[in-house]
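Architecture at a glance
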Amino acid sequence: MKKLLTSVTLIGLGVLITGYGADMYRIDQIEKTWHKAASRKNLKLMMSLWAPKATMTVGGHTYTGKTAIRGVFERSGPFQAQNHWESDTPAYKIRITVDGNKGTLYFECHYIDVDTGKVATAVGADQELRKINGKWLIINLAASTVTLKP
């Protein structure tokens, strides 16, 4: 009986860890998709990361809903045709938390000008996430410039 109870407990723990790890992985995919969308100037892909009533605060202004947030991206540097930027993030600066259907994600976007090889701009994105209909989406984002240090 003791062996059976131990086995059942270990299996249950394994299932919990696997679920947690899967959620961490799915949340990490938000960062990867963000940078792919920004590098390719793909607004549709970028907007697939956002919940319908999400909010974004940048430059002291808060934008509510996907239409307003899309407008911010349309005007932002990475999505401008004249800018040849690649979006990147240092892996060691990514922070993820998961608590049931809620989570957080922080990463930095370093936009590298392909023509000059220099950092055009760097932004920190601190996000609240929710799992909605089985998919992790951004519900709130606060963005700010960051200082790059050697």
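Description of the structure in this document. Because the structure is a prediction, the values reported are computed rather than measured.

Secondary structure summary: the chain contains three helices and seven strands in total. For the chain, the proportion of its 150 residues judged to be buried stands at 35%. Partitioning the intrachain contacts of the chain with sequence separation of at least 6 by distance along the chain shows that 49% fall at a separation of at least 24. About 9200 Å² of surface is accessible on the chain, with carbon and sulfur atoms providing 58% of the total.

The next subject is the side chain of Ser-87. Mapped onto the secondary structure, Ser-87 falls in strand 3 (residues 85-88). A distance of 3.4 Å separates a polar atom in the side chain of Ser-87 from a polar atom in the side chain of His-35. With residues up to four places along the chain from it excluded, the contact list for Ser-87 reads His-35, Ala-38, Ser-39, Cys-109, His-110 and Tyr-111.

On to the nonpolar core, then. Trp-34, Met-46, Trp-50, Phe-73, Ile-138 and Leu-141 are the most contacted members of the largest nonpolar core, which totals 30 residues. Listed by contribution, the elements that provide at least two residues to this core are helix 1 (2-40), helix 2 (43-47), strand 1 (50-58), helix 3 (66-75), strand 5 (102-113), strand 6 (119-132) and strand 7 (135-145). Among residues more than four places away in sequence, those in contact with Leu-141 are Trp-34, Trp-50, Thr-55, Met-56, Thr-57, Ala-125, Asp-126 and Gln-127.

For the coordinates displayed, the defined rule picks out six aromatic pairs. Members of the aromatic cluster, each reached through a chain of ring pairs, are Trp-34, Trp-50, Phe-73, Phe-79 and Phe-107.

With phi around 55°, Lys-41 is a residue other than glycine that occupies positive phi space. Take Lys-41: it is sitting in the loop between helix 1 and helix 2. Even without a glycine there, the phi angle at Asn-133 is positive, about 50°. Relative to the helices and strands, Asn-133 is located in the loop between strand 6 and strand 7.

This paragraph deals with the side chain of Ser-39. Tracing the chain through its elements places Ser-39 in helix 1. Here Glu-86 takes part through its side chain, which lies 3.4 Å from a polar atom of the side chain of Ser-39. In contact with Ser-39, other than residues within four places in its own chain, are Trp-85, Glu-86 and Ser-87.

With that settled, consider the pairing of strand 7. Sheet analysis places strand 1 next to strand 7, joined by five bridges and oriented parallel. Among the inter-strand pairings, Thr-55 is bridged to a residue of strand 7, identified as Asn-140. Summarising the sheet, strand 6 and strand 7 pair through ten bridges and their orientation is antiparallel. What sits directly across from Asp-126, in strand 7, is Ala-142.

Our next topic: the pattern of salt bridges. Summed over all chains, the structure comprises six salt bridges. In this structure, the salt-bridge partner of Glu-74 is Arg-70, at a minimum N-O distance of 3.3 Å. Separated by four residues within a single helix, Glu-74 and Arg-70 lie in helix 3, roughly one turn from each other. A relative accessible area of 32% places Arg-70 in the partly exposed class. In this structure, Glu-108 engages Lys-93 in a salt bridge whose closest nitrogen and oxygen atoms are separated by 3.0 Å. Here Glu-108, found in strand 5, pairs with Lys-93, found in the loop between strand 3 and strand 4 (95-99); they are 15 residues apart in sequence, far enough to count as distant. The burial state of Glu-108 is the same as that of Lys-93; both residues are buried. Bridged by salt links that share partners, the residues Asp-23, Arg-26 and Lys-131 form one connected network.

Definitions and limits used
- Residues numbered from 1 in each chain as written.
- Predicted model: local features only at pLDDT ≥ 70, side-chain atom pairs only at ≥ 80, totals over all residues.
- Heavy atoms only, no water.
- Helix = DSSP H or I, 4+ residues; strand = E, 2+ residues; numbered from the N terminus.
- Buried < 20%, exposed > 50% of the residue type's maximum accessible area, 1.4 Å probe, protein only.
- Contact = heavy atoms within 4.5 Å.
- Areas by Shrake-Rupley, 256 points an atom, 1.4 Å probe, with all protein chains shown as cover.
- Polar contact = N/O pair within 3.5 Å; in protein donor to acceptor, adjacent residues only side chain to side chain.
- Core = buried A, V, L, I, M, F, W, Y, C linked by side-chain atoms within 4.5 Å.
- Phe/Tyr/Trp six-rings, centres within 6.5 Å; stacked < 30°, edge-to-face > 60°.
- Pairing = 2+ DSSP bridges.
- Salt bridge = Lys/Arg side-chain N within 4 Å of Asp/Glu carboxyl O.

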